[in-house]
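Inside the fold
Residues per chain, in single letters:
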Amino acid sequence: MAGTDPIHQFIITDIVSFGNFGGDGTPGSGVHLAFTNSALFMVVTVVVISLFLILSSAGKRVIPGRMQLLSELTYEFVAGMVRSSAGTAGMKFFPLVFSLFTFIFVANVLGLVPYFFTVTSHIIVTFALSMLVFLTVIVYGFVKNGPKFLKLFVPAGVPGYILPIVTPIEIISFLSRPISLSVRLFGNILAGHITLKVFAGFIVTMSSLGFLGILGSALPLIMAVALTALEFLVAGVQAYVFAVLTCMYLNDAIHPSH
């Protein structure tokens, strides 16, 4: 059942359980602590990124090799994204944006490897990343601008008699950012993996029906290959969208006036 169930790939399982803490002693009470497959692949993602950056920058050359070139291109790509969306002042947040972009991209790509776990297919992970961005915007916005940060909710040039309508809309839009940011990433990755798993299941099922079934499985096989290529594209696009929206939100903290 696990081989064809499209939902099975998203189940979080304990690798090492540390037991329950707190509660009243009854089974299931308290906080369950464990090192899960999700945590494992978060660690793997960080290790892969760290090793790549260390190895690519270990022996800097005037004429870069492939790894150094890829590392430099990634740096320039994210730096250009930050400058174009948040200005030169936004470069202080480059480490944050670069970390988010590379983490999401590598986690998405690792999730395409058979029997690997896709951490970005869980809303709790994407929401945590979104809240990191959201809280950074709020804290830095007030630290840098003080009460002037609230100008973000009062668009310039709007007549005073319309402000009672516009301001609540701006506030709701601002508060919905972590939800929209997390759901966009989670939804795209989840839907893509389920669709790919369904077509892969069609191949296995039809192949078991004999010669005609094997011939008929050619179509879902072609679709599975095409979807796999599409998922690689989605992995990059979703990392880019998350990063560029982060830059735009940070720009609001740096320049709260519309």
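Okay, so let's go over this structure. (Residues numbered from 1 in each chain as written. Predicted model: local features only at pLDDT ≥ 70, side-chain atom pairs only at ≥ 80, totals over all residues. Heavy atoms only, no water.)

**Thoughts on the overall build of the chain**
Heads up, the rule is: Helix and strand assignments follow DSSP, with helices taken as H or I runs no shorter than four residues and strands as E runs no shorter than two, numbered in order from the N terminus. Between the two quantities, the radius of gyration covers C-alpha atoms and the globule rule is 2.2 Å times the number of residues to the power 0.38. The classification of residues rests on relative accessible area computed with a 1.4 Å probe and restricted to protein chains. Under 20% of the type maximum is buried, over 50% is exposed, and intermediate values are partly exposed. The contact criterion used throughout is that any non-hydrogen atoms of two residues lie within 4.5 Å. Residue exposure ignores everything except the shown protein chains as possible cover, and the areas themselves are Shrake-Rupley values with a 1.4 Å probe.
Tallying secondary structure elements over the chain gives 8 helices and 2 strands in all. The N-to-C order of helical and strand elements in the chain reads β-β-α-α-α-α-α-α-α-α. A compact globule built from 258 residues would reach a C-alpha radius of gyration of about 18 Å, whereas the chain, at 23 Å, exceeds it by more than 25%. Each principal axis of the C-alpha distribution contributes one length, and for the chain these read about 75 × 65 × 40 Å. For the chain, the proportion of its 258 residues judged to be buried stands at 35%. Long-range pairs, those at least 24 residues apart, make up 66% of the contacts in the chain with a sequence separation of at least 6. Surface summary for the chain: the accessible area is close to 14600 Å², and the carbon and sulfur share equals 75%.

**Regarding helix H2 (residues 66-86)**
We count it as follows: In a helix, the anticipated span is given by 1.5 Å times the number of residues less one. Taken from the helix axis, the directions to the C-beta atoms give the arc we talk about.
Given a rise of 1.5 Å per residue, 21 residues ought to cover 30 Å, and the 30 Å separating the end C-alpha atoms of H2 matches this to within 8%. Of the positions making up H2, those classed as buried are Gln68, Ser71, Thr74, Val78, Ala79, Met81, Val82, Ser85 and Ala86. Summarising the axial view, the buried residues of H2 lie within an arc of 160°, below the 170-degree limit, and thus occupy one face. Facing away from the buried side of H2 by more than 90 degrees, the exposed set consists of Arg66, Leu73 and Ser84. Contacts made by the buried residues of H2 are with helix H1 (37-58), helix H3 (94-110) and helix H8 (218-254). One or two steps after H2, the chain reaches glycine 87, where phi turns positive at roughly 80°.

**Digging into the nonpolar core**
To be explicit about the condition: By nonpolar core is meant a set of buried Ala, Val, Leu, Ile, Met, Phe, Trp, Tyr and Cys residues that side-chain atoms within 4.5 Å join together.
Grouped together as the largest cluster of nonpolar side chains are 44 residues, with contacts concentrated most on Val78, Val97, Ile104, Val137, Phe174 and Phe242. Counting residues per element, the ones that place at least two in this core are H1, H2, H3, helix H4 (123-145), helix H6 (177-207) and H8.

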